[in-house]
Amino acid sequence: MLRQKPIRAGLLAVLLATAALTSPAPLRAADTGAGVPVIQVAASEATSRFVPLGIGKSVAIDLPADIKDVLVADPTIANAVVRTSRRVYMIGVKIGQTNIFFFDAAGRQIAGFDIAVTRDLNGLRAALKQSMPEADIRIEGVGEGVMLTGSASSAAESQQAFDLASRLVGDSTRVVNGITIRGRDQVMLKVTVAEVRRDVIKQLGIDVSGSFNYGGNTINLNTQNPFSATGQTLSNTNLAGISKNVTATLRAMDRAGVLRTLAEPNLTAISGETASFVAGGEFPIPSGLSCDTTKSPPVCQPQIEFKKFGVGLVFTPVVLSEGRISLKVMTEVSDLSTDNSMTLTVPGASSALTVPSISTRRAETTVEIPSGGSLALAGMIQEKTKQQINGVPGLMQLPILGSLFKSRDYVNNQTELVVIVTPYVVRAVAQKQLSRPDDGFADPSDPSTVLLGRLNRIYGGNEPQPGPAPAGPSQSKYGFILD
């Protein structure tokens, strides 16, 4: 009995060693109480280190243990060359992603690497550093494209980096611009729109009416010469004379008018954004008919839409550098006009519709200008002259008496428009540095309004002022003053 114990112990050791050699390394049978084997992961991406590589670029890795086995998931994307037992070279082949694992003689993982092969971006990094040394711009490869991150001092630097990356990739759609602008500048545009219009109208005509006898015949005269240049007879002075049943009426009118339009809008916009301004109104124009066919006859009502007119401004500023602004500006001055107006008759409506026309002056340009510099859009001068003579054929050509049988209509329109644009790079201000139109305004008392006709009063003369008292009494007026 004593000799059989060591023999059984030896057989048990041999069986355990054989089971250990024949079982795979990741799969190990253990007694968990239910006889279920436990699966262990020998290598995975959870324990891998990310390594970016360029096409045709390599990286040398020193491992802490001797390499026995190497696993490359996709050798067409990246390859691993074992130089010594502990040094390996990883080489990028083409764009893509793969992973590489290294194992020792016992089958344990030494290291794992998640390889991302992208474009070689060292040339672009050097170009960005050389062209924009002050910018903090980073570039990373993402699949077939690249992504720009970091910050730039202006939108021009961001656009320049985007253009360089687009030239390298060959397609701008594969470049993602994630560059942020440090302290985006704001631009205030001060615009002065001045227009002067001068109109001169002269009308002179003679209407002859009456009758006289010539032998046994009676000759009737009735001439009315229209004024066709303006399309209507304006208010004029009539002088009538009667001689032997013949009445001659002289119609004369001379009109001169000046129209001045002035607008000074101020707008502020972030660099690269668009701001617009309109000072004017809207007038209705018919866009269609809406008819009620249940009634006989059908009752129709016009559909109305509104069109804007007045002084309009649209501008887009881009701050190129400190004090330099690329400005795209469009300004328009429009006004209602009776020229080329239309009169529409709506079926079923009680009256006709008159649609006016719009006289428009528009200017659009893109310039580069310093902060505080002014751009003048001038030279937009227009002059229109119309002159017409109406009369009785044959009689109006007579040297002197022909003036009795004709009318003269003369119209002269002159318009000049000047637009002055001044951009400023602005910063935020405190509220106390701003003023309102009603600052200093105070309503007067009832006796002051009734007896003196005042609409406001100047106040604050007897109020104590903070700080030290002035050396002498102040003689200046302050408060709201209405001319």
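Calculation rules
- Residues numbered from 1 in each chain as written.
- Predicted model: local features only at pLDDT ≥ 70, side-chain atom pairs only at ≥ 80, totals over all residues.
- Heavy atoms only, no water.
- Helix = DSSP H or I, 4+ residues; strand = E, 2+ residues; numbered from the N terminus.
- Buried < 20%, exposed > 50% of the residue type's maximum accessible area, 1.4 Å probe, protein only.
- Contact = heavy atoms within 4.5 Å.
- Pairing = 2+ DSSP bridges.
- Axes fitted to C-alpha atoms, helices over the stretch in contact; angles between N-to-C directions.
- Expected span 1.5 Å × (residues − 1).
- pLDDT = per-residue confidence, 0-100.
- Patch = residues over 30% accessible without salt bridge, like charges linked within 9 Å, V, L, I, M, F, W, Y side chains within 5 Å.
- Areas by Shrake-Rupley, 256 points an atom, 1.4 Å probe, with all protein chains shown as cover.
- Salt bridge = Lys/Arg side-chain N within 4 Å of Asp/Glu carboxyl O.

Colleague: So what exactly am I meant to see when it comes to the overall build of the chain here?
Modeller: Scanning the chain from terminus to terminus reveals 4 helices and 24 strands. Buried positions account for 27% of the 483 residues belonging to the chain. Sequence-distant contacts, at least 24 apart, represent 62% of the contacts inside the chain between residues at least 6 apart.

Colleague: Could you clarify how one ought to interpret the environment of Gly402 in this entry?
Modeller: Note on placement: Gly402 falls in the loop between strand 23 (375-391) and strand 24 (406-426). Classification of Gly402 by relative accessible area gives buried; the value is 0%. Each C-alpha atom of the pair Gly402 and Gly391 lies 8.6 Å from the other, and the pair is 11 residues apart in sequence.

Colleague: Help me understand the sheet that holds strand 4 (residues 58-62), please; the structure alone is not making it clear to me.
Modeller: Pairing between the strands of a sheet comes from backbone hydrogen bonds, and it takes one of two forms, parallel or antiparallel. Pairing is antiparallel across the open sheet formed by 3 strands, whose spatial order is 4-7-6. Each having just a single partner strand, strand 4 and strand 6 (78-82) make up the two edges of the open sheet. Taken over all neighbouring pairs, the strand axes of this sheet differ in orientation by 20° on average, direction set aside. As judged from the 5 bridges shared by strand 4 and strand 7 (residues 87-92), these two strands associate in the antiparallel manner. Residue pairing in the sheet places Ser58 in a bridge with Ile91 of strand 7.

Colleague: Is there a simple way to think about the sheet that holds strand 22 (residues 353-370) in this case?
Modeller: Taken together, the 4 strands give an open sheet; going across it, the order is 19-20-21-22, and neighbouring strands pair in antiparallel fashion. Of all the strands in the sheet, just strand 19 (275-292) and strand 22 have a single pairing partner and so form its edges. On average, adjacent strands in this sheet sit at an angle of 20° to one another, irrespective of strand direction. Bridge count between strand 21 (residues 324-344) and strand 22: 17 bridges; the pairing is antiparallel. Across the sheet, Glu332 pairs through a bridge with Arg362, a residue of strand 22.

Colleague: When you look at the side chain of Ser357 in this model, what are you seeing that I'm missing?
Modeller: Here Ser357 shows up in strand 22. The class of Ser357 is buried, set by a relative accessible area of 16%. Contacts of Ser357, omitting those with residues within four sequence positions, involve Asp335, Leu336, Ser337, Thr338, Asp339, Asn340 and Ser341.

Colleague: Sorry, what's going on with helix 3 (residues 155-169) here?
Modeller: Since the α-helix packs 3.6 residues into each turn, any two residues three or four apart lie on the same face. With 15 residues, helix 3 extends 21 Å between its outermost C-alpha atoms, agreeing within 8% with the 21 Å of an ideal straight helix rising 1.5 Å per residue. For helix 3, the complete set of buried residues consists of Glu157, Ser158, Ala161, Phe162, Ala165, Ser166 and Val169. The inward-facing, buried residues of helix 3 contact helix 2 (122-131), strand 10 (136-142), strand 11 (145-152), strand 12 (175-177) and strand 13 (180-181). Of the residues flanking the end of helix 3, it is Gly170, one or two places downstream, whose phi is positive at about 90°.

Colleague: Could you clarify how one ought to interpret the confidence of the model for the chain in this entry?
Modeller: Do not read the fine detail of predicted coordinates wherever pLDDT is low. For the chain, per-residue confidence averages 76 on the pLDDT scale, and residues scoring 70 or more make up 78% of the total. Taking the mean pLDDT of every element in the chain, the minimum, 41, falls on helix 1 (residues 4-22) and the maximum, 92, on strand 7. Taken as a whole, residues 460-467 scores under 50 in pLDDT and shows 4 contacts with residues more than four places along the chain or in a different chain.

Colleague: Sorry if this is basic, but what is going on with the environment of Ile110 here?
Modeller: The topology assignment puts Ile110 in strand 9 (residues 109-118). Given a relative accessible area of 18%, Ile110 falls into the buried group. Between the C-alpha atoms of Ile110 and Pro64, which are 46 residues apart in sequence, the distance is 7.5 Å. Ile110 has contacts with Leu63, Pro64, Ala65, Asp66, Ile67, Phe102, Phe103 and Asp104, leaving out every residue within four places of it along the chain.

Colleague: Sorry if this is basic, but what is going on with a nonpolar patch on the surface here?
Modeller: Side chains of Val142, Met147 and Val176 sit close together on the surface and give an oily, nonpolar patch of about 240 Å² of accessible area. If you trace the backbone, Met147 turns up in strand 11. The class of Met147 is partly exposed, set by a relative accessible area of 32%.

Colleague: Can you help me understand the pattern of salt bridges in this one?
Modeller: If the charged atoms of two oppositely charged side chains come close together, the side chains can form a pair. Counted according to the given criterion, the structure contains 7 salt bridges. Of the charged contacts, one joins Arg87 and Asp62 as a salt bridge, the two residues approaching to 2.7 Å between their closest N and O atoms. On the criterion of sequence distance, the pair formed by Arg87 in strand 7 and Asp62 in strand 4 is long-range, its members being 25 residues apart.

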